[in-house]
Amino acid sequence: MIRPLAFALQIGFFAGLIWGLAGVVLHFFGFSEVKPASWAGPWLSKFAASSWTGMLYGLAVFTGISMVASLVYAVVLRKAKGPWPGILYGLFWYLLLFFGIGHALGWLPAWNRMDVHSHVSELCRFLLWGVFIGYSITFEFTDERTREPGMG
């Protein structure tokens, strides 16, 4: 029997790691202005924010955000099927972070100071992040085939 909260934390950890590293790649190749260290911005000095340790701290904070997001998805939407709930969930988090609390918390630049390429890149990353979380959690909680006797 699966433990829903532990499973959601595990999915959130891997979502944060995979899609956080995708953010590192986006920034490295100039697709996004969002520095990986910016997620840990309020806790880092200016020097640390431009170092590889700052990137690791930012990746850790993004992974923590992903774990919280996965827990919320597991509680609220774990039975929702298909890609659309995950897509909408990723869109919700993108809007929340980039147009809502991200700048207020010091994580992200103001939305109107970012170029369109950064917004498009980050939107795509968050949509895929949401689909990853959504499909992973939904599949585990709705895959009835593995619960049939002799089919596991």
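Now for a quick tour of the structure. Every residue gets a number counted from 1 within its own chain, in the order that chain's sequence is written. pLDDT decides what is reported in this predicted model: residues at 70 or higher carry local features, side-chain atom pairs at 80 or more are listed and counted, and totals for whole chains, interfaces and linings draw on all residues regardless. For the side-chain quantities, the full set of heavy atoms in the structure was used; hydrogens and water were omitted.

Some thoughts on the packing of aromatic side chains
Defined as follows: Any two rings among Phe, Tyr and Trp, with Trp reduced to its six-membered ring, count as a pair given centres within 6.5 Å; such a pair is stacked if its planes are under 30 degrees apart, edge-to-face if over 60, and tilted if neither. The way it works is that DSSP assigns letters per residue, a run of H or I at least four long becomes a helix, a run of E at least two long becomes a strand, and they are numbered from the N terminus. Relative accessibility thresholds used throughout: buried, under 20% of the residue-type maximum; exposed, over 50%; partly exposed, between the two (1.4 Å probe, protein chains only). Placement of a charge over a ring requires the Lys NZ or Arg CZ to be within 6 Å of the ring centre, with the centre-to-atom vector within 35 degrees of the ring normal.
Taken as a whole, this structure holds 19 aromatic pairs when the rule is applied. With a centroid separation of 6.2 Å and 70° between ring planes, the pair formed by Tyr89 and Trp93 is classed as edge-to-face. Of this pair, Tyr89 and Trp93 both sit in helix H4 (residues 84–104), separated by 4 residues, roughly a single helical turn. Neither residue differs from the other here; Tyr89 and Trp93 are each classed as buried. Lying over the aromatic face of Phe62, Arg125 brings its terminal NZ or CZ to 4.8 Å of the ring centre.

Remarks on the side chain of Glu122
For clarity, the threshold we go by: Two N or O atoms count as a polar contact when they lie within 3.5 Å, although within protein this holds only if one can serve as hydrogen donor and the other as acceptor, and sequence-adjacent residues are included solely when both atoms are side-chain atoms. In what follows, residue pairs with any heavy atoms lying within 4.5 Å of each other are defined as contacts.
Residue placement: Glu122 occurs in helix H5 (residues 116–142). Residue classification places Glu122 among the buried residues on the basis of a relative accessible area of 0%. Only 2.7 Å separates the side chain of Glu122 from the side chain of Ser32, close enough to count as a polar contact. Among residues more than four places away in sequence, those in contact with Glu122 are Leu26, Ser32, Val34, Tyr94 and Phe98.

Details of the environment of Leu44
Residue position: Leu44 is located in the loop between helix H1 (4–28) and helix H2 (46–49). Between the C-alpha atoms of Leu44 and Gly54, which are 10 residues apart in sequence, the distance is 7.1 Å. With residues up to four places along the chain from it excluded, the contact list for Leu44 reads Ala37, Ala49, Gly54 and Tyr57.

Observations regarding the packing of helix H3 (residues 52–76) against H4
Note the threshold: To get an axis, a line is fitted to the C-alpha atoms, and for a helix only the part in contact is used. The angle between two axes follows their N-to-C directions and goes from 0 to 180 degrees. Relative orientations are named as follows: roughly parallel for angles under 35 degrees, roughly antiparallel for angles over 145 degrees, roughly perpendicular for angles from 65 to 115 degrees, and oblique for any other angle. Definitions for this section: a left-handed crossing has its near helix turned counterclockwise from the far helix by less than a right angle. A right-handed crossing has that turn clockwise. Following the grouping adopted for this structure description, the nonpolar residues are Ala, Val, Leu, Ile, Met, Phe, Trp, Tyr, Cys and Pro, the charged ones are Asp, Glu, Lys and Arg, and the polar ones are all others, Gly among them.
The contact between H3 and H4 brings their axes to 12 Å, and the two run at 135°. When the axis of H3 is compared with that of H4, the two are oblique. For H3 against H4, the interelement crossing comes out right-handed. Of the residues in H4, those in contact with Ile65, Ala69, Val72 and Tyr73 of H3 are Pro85, Gly86, Tyr89 and Trp93. Residues of the contact of H3 with H4, tallied by class, amount to 7 nonpolar, 1 polar and no charged.

Observations regarding H4
Condition: Helix span, as expected, comes to 1.5 Å for every residue beyond the first. The reported bend at a residue is simply the angle between two axes, fitted to the 7 residues ending at it and to the 7 residues beginning with it.
Between its terminal C-alpha atoms H4 stretches 29 Å, which fits the 30 Å expected from 21 residues at 1.5 Å a residue. Of all the bends in H4, the greatest measures close to 50° and is centred on Leu97. When we look at burial in H4, the residues that qualify are Pro85, Gly86, Tyr89, Gly90, Trp93, Tyr94, Leu97, Phe98 and Gly102. In this fold, the buried residues of H4 make contact with H3 and H5. Immediately downstream of H4, the backbone of Gly106 shows phi near 85°, a positive value.

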